[in-house]
Amino acid sequence: MKDSLQPGVSMVRRIVVDGNRTIGFMGEQGRVYATPELCRDIEYTCREALLDHLQAGEDSVGLEIMVRHTAPTLPGMAVEITATVAAVEGRKVSFTVAAKDELEPIGEGKHIRFIVDKEKTYERLRAKAAKRAARSG
C-alpha cells in the first residue's frame, strides 16, 4: 500500500438504480433499491477508493459491513455513494459511507476492507481447494 492512503481519502460513485438492483418480492409496484445491492455498491465504491493507493499485486477484500438503509429509492433514480477512509491500521482500512438519491439521504454505515497480496491469496485459495478435494475424494 502507498503512503497516500490516509484518513480523509474519499470517493463518490454515482449509479442509476436499474431493475437488477431492485427487490421483486413485492411486485412491480413495490420495486425499490434492494438493501443487498446497496451493500454491494458500497463495497465496490470502497474498493475503488483504494485502487489508486495500492501497490502492484495488491487488492482488497471486505471484512465487515454495517449499513442502515433508511429510505426507498425508485428504479431509474440516481444514487450517490460517498466512501471516506476513517482509519488505516496496518492493512485494515475502515470507511464511513453515506448514500443519497436524487431527493434524500437513503443510508449510512461503516465498511472495513483488508488489503491483500493477490498471489498469497491465490495460494491460500488453492490450498483450501486441495484440502476440500482431499476430503471428498
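Our subject is the structure listed above.
This section reports on the structure supplied with the text.

Basis of the calculations
- Residues numbered from 1 in each chain as written.
- Predicted model: local features only at pLDDT ≥ 70, side-chain atom pairs only at ≥ 80, totals over all residues.
- Heavy atoms only, no water.
- Pairing = 2+ DSSP bridges.
- Helix = DSSP H or I, 4+ residues; strand = E, 2+ residues; numbered from the N terminus.
- Axes fitted to C-alpha atoms, helices over the stretch in contact; angles between N-to-C directions.
- Contact = heavy atoms within 4.5 Å.

### Some words on the sheet that holds strand S5 (residues 105–117)
Part 1 of the argument: Within the open sheet, the five strands sit side by side as S1-S3-S4-S5-S2. Their pairing is antiparallel. This sheet does not close on itself; its edge strands, each paired only once, are strand S1 (10–16) and strand S2 (58–69). Strand-to-strand, the axes of this sheet are offset by a mean angle of 25°, without reference to chain direction.
Part 2 of the argument: Here S1 pairs with strand S3 (residues 78–89) via seven bridges, running antiparallel. By the bridge assignment for S3, arginine 14 is matched with glutamate 80.
Part 3 of the argument: Its contacts with the sheet place helix H1 (residues 35–51) against S1, S2, S3, strand S4 (92–101) and S5, and it is angled at close to 140° to S2.
Part 4 of the argument: Its contacts with the sheet put helix H2 (residues 118–136) on S2 and S5, and the angle it makes with S5 is roughly 85°.

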